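# Working through the structure, step by step
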Amino acid sequence: MFAIAKREFFQLFKGFKSIAIILMLLVPTYYFAKFSSMFESALELTPDEADMAHSAGLLVVMIVFGQLFVMGLSHDTMNREMHERTMRFLLTRTSRRSIVAGKFLGILAFWFACITVSHVIIAIFSHHFDAFTFFQLMGLIACQVAFTVFLSTVVPVPALTMFMSIIAGILLPILGYWLAYTSNPWFSWMKYVDPNYYLVREDYTFLLMYLDAFILLLLTYVFFRRRGC
């Protein structure tokens, strides 16, 4: 499991696409954190609001583009192995459970590194490490990674998951925003399934995002067990 996670982690740092996404994450984080003091003085923000202003760039990027970024890099994490017939080799060395867990942990570790660096940048300007926001974002990313691994397991064609990653990356934030504010009783309950809903709350309900990620991984494992490679 850890060998698979390690390979997945280092592979994500290779290539222009990975570098471009890391820059698109870090650059807004840097400039929002650097110039947030201007907003503090102009808008007379409270200390809590000032802390949020420092993290605004990172939060906006991850809410709007997070799923697109995660799926853009890892949409084929499972089906690529099946398509290239390397999954059979992995199954001779380890279990299906270890493969699913290793893929998930490797991708999550990559984003953990990115979010940690982003928060260090924020802390340099705010003189405060916002652990609450950090674990909120990691909960969001855990859901996004779990969904990516699940989709890559269910859909066998890498080219199809590439297309679906673009659609999901665009539609899911829009759908989450609509669910958060709709008064339609047929759909309003669905906001509790959307991880973005817990990201804007200031309580510990964000821990439910980790439960959502676990359920998605469990479904991935069940589906992976039933399909041939």
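Residues numbered from 1 in each chain as written. Predicted model: local features only at pLDDT ≥ 70, side-chain atom pairs only at ≥ 80, totals over all residues. Heavy atoms only, no water.

Another point: unusual backbone geometry. With a phi angle near 65°, R85 is a residue other than glycine that sits in the positive phi range. Within the fold, R85 resides in the loop between helix 4 (79-83) and helix 5 (87-93). Taking the relative accessible area as the measure of exposure, R85 reaches 52% and is therefore exposed. (Helix = DSSP H or I, 4+ residues; strand = E, 2+ residues; numbered from the N terminus. Buried < 20%, exposed > 50% of the residue type's maximum accessible area, 1.4 Å probe, protein only.)

Attention now goes to the nonpolar core. Counting residues in hydrophobic clusters, the biggest one holds 48 residues, and the most contacted among them are W111 and I115. For this core, the secondary-structure elements that each account for two or more residues are helix 1 (2-11), helix 2 (16-43), helix 3 (47-74), helix 5, helix 6 (96-126), helix 7 (131-154), helix 9 (195-199) and helix 10 (207-226). Examining the composition of this core, we find that 11 residues originate from one element, helix 6, more than from any other. Dropping the residues within four chain positions of it, W111 is found in contact with I21, L25, F69, V70, L73, M138, I141 and V145. (Core = buried A, V, L, I, M, F, W, Y, C linked by side-chain atoms within 4.5 Å. Contact = heavy atoms within 4.5 Å.)

In the structure shown here, the tally under the stated rule is four salt bridges. E81 is the partner of R7 in a salt bridge, and the nearest nitrogen-oxygen pair spans 2.5 Å. With R7 in helix 1 and E81 in helix 4, this pair connects stretches of sequence that are 74 residues apart. Residue class for E81 comes out buried when judged on its relative accessible area of 4%. The partner of E81 in a salt bridge is K103, and the shortest N-O contact between them spans 2.8 Å. With E81 in helix 4 and K103 in helix 6, this pair connects stretches of sequence that are 22 residues apart. Assigned by exposure class, E81 and K103 land together as buried. (Salt bridge = Lys/Arg side-chain N within 4 Å of Asp/Glu carboxyl O.)

Turning to the packing of aromatic side chains, a few remarks are in order. Under the defined criterion, the tally for this structure stands at 11 aromatic pairs. When the centroid spacing of 5.2 Å and the interplanar angle of 85° are considered together, the rings of F110 and W111 count as edge-to-face. Grouping residues by exposure puts F110 and W111 together as buried. Between the aromatic rings of F132 and Y204, the centroid separation amounts to 5.4 Å while the plane-to-plane angle is 90°, which identifies the pairing as edge-to-face. Of the two residues, F132 is situated in helix 7 and Y204 in the loop between helix 9 and helix 10; the sequence distance between them amounts to 72 residues. Look at F132 and you get partly exposed, because its relative accessible area is 25%. (Phe/Tyr/Trp six-rings, centres within 6.5 Å; stacked < 30°, edge-to-face > 60°.)

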